[in-house]
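# Results of the structural survey
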Amino acid sequence: MAFIHGKGTVVTLAATDLSAFTNNVAFNRSADSHDTTTFGKSAHTYQGGLKDGTATITGIYDDGASGPQAIIEPLLGTVVELVYKPEGTGTGKPTKTVNVLVTAYEETAPVADMIAWSASLQLTDSVALTSQA
Amino acid sequence: VNIADVMDELGTALDTITGLRVHPYSADRVTPPAAMVLWPDPLDYDATFARGMDRMTLPVVVLVGRVDARTARDLAAKYLDGSGTSSVKAAIDGGTYSACDTARTLSATVGAYSVAGVTYLGVEFQVDITGQGA
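As a starting point, this report considers the structure included with it.

### Things to note about the sheet that holds strand β3 (residues 22-35) of chain A
Residues and elements named next belong to chain A. The 7 strands lie next to each other as β2-β1-β5-β6-β7-β4-β3, forming an open sheet whose pairing is antiparallel. The open sheet has two free edges, formed respectively by β2 (16-17) and β3, since each of these has just one partner strand. Note: strand β1 (residues 10-13) against β2, 2 bridges, orientation antiparallel. Following the sheet pairing, Thr 12 is matched in β2 by Asp 17.

Here it is in structure tokens:
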């Protein structure tokens, strides 16, 4: 067991590797909770329900044909495949693959810094967690 | 990013300022007015994943003459201008670069700088550089 640095993270959206333009991935998973409390209980009880999740990718804007604007903006409102390798590429390392609805693409252009971008993704259906061969 | 190439290209950009002697390195002897492109401070790797982008701040020191000379003050003021033919910011920000993606003059500080035992009035410009990591 070891701590893992994030610099090797790989993120691919719709089969395009965006890693070189990306500096943060927030991969959030959640589950519905259903209150099953009945009379006579002194505390709430719950059961789990459907799973859900979102992902947010952020990075530095690039004007290339495989850059974030050229790739992500046309995907707004569509469902595509997200491949997220938090530990990077290598045998035995995890890969999370899931379809996502691209719900937002944002560019931020500050006067005194690089143009940044952010994409919001709604996970749709199950997340497949596999080990890389 | 090859740092030496970036320093050379900054030197080329500064060469467009008439009369300024440009050293794209830390010279041990200068004749003012002279500019030196110094080592990055700091050089930050991994601004994005997968060695996509590195970022650094390069100091550029312009020495103009004796600290107490009015002519040195006036010359320093020209180099500090935000625009014009003697503007260091205009020369650097308007340069052509292939060794990096962007070069932008962030700030400048006026002070006394000693080179080879001689103290000069000088201006230290901080230049923000971004480029490909791999």
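### Thoughts on the side chain of Thr 9 of chain A
All names here are of chain A. Mapped onto the fold, Thr 9 is located in the segment before β1. A distance of 3.0 Å separates a polar atom in the side chain of Thr 9 from the backbone oxygen of Gly 6. Of note is the side chain of Thr 9, whose polar atom sits 2.8 Å from the backbone oxygen of Pro 86.

### Structural notes on the nonpolar core
Grouped together as the largest cluster of nonpolar side chains are 32 residues, with contacts concentrated most on Leu 10, Leu 14, Val 60, Val 62, Val 88, Ile 92 and Ile 129 of chain B. Listing elements by their share of this core, those giving two or more residues are α1 (3-14), β2 (34-37), β4 (53-65), α2 (70-80), α3 (88-93) and β6 (118-132) of chain B. Here this core takes 6 residues from α1 of chain B, the largest share from any one element. Excluding residues that lie within four positions of it along the chain, Val 88 of chain B makes contacts with Leu 14, Ile 17, Val 62, Tyr 79, Asp 81, Thr 105 and Phe 125 of chain B. Ranked by size, the runner-up nonpolar core spans 24 residues in total, among them Tyr 84, Val 100, Leu 123 and Val 127 of chain A.

What counts and what doesn't
Residues numbered from 1 in each chain as written. Chains lettered and ligands numbered in written order. Predicted model: local features only at pLDDT ≥ 70, side-chain atom pairs only at ≥ 80, totals over all residues. Heavy atoms only, no water. Pairing = 2+ DSSP bridges. Helix = DSSP H or I, 4+ residues; strand = E, 2+ residues; numbered from the N terminus. Polar contact = N/O pair within 3.5 Å; in protein donor to acceptor, adjacent residues only side chain to side chain. Core = buried A, V, L, I, M, F, W, Y, C linked by side-chain atoms within 4.5 Å. Buried < 20%, exposed > 50% of the residue type's maximum accessible area, 1.4 Å probe, protein only. Contact = heavy atoms within 4.5 Å.

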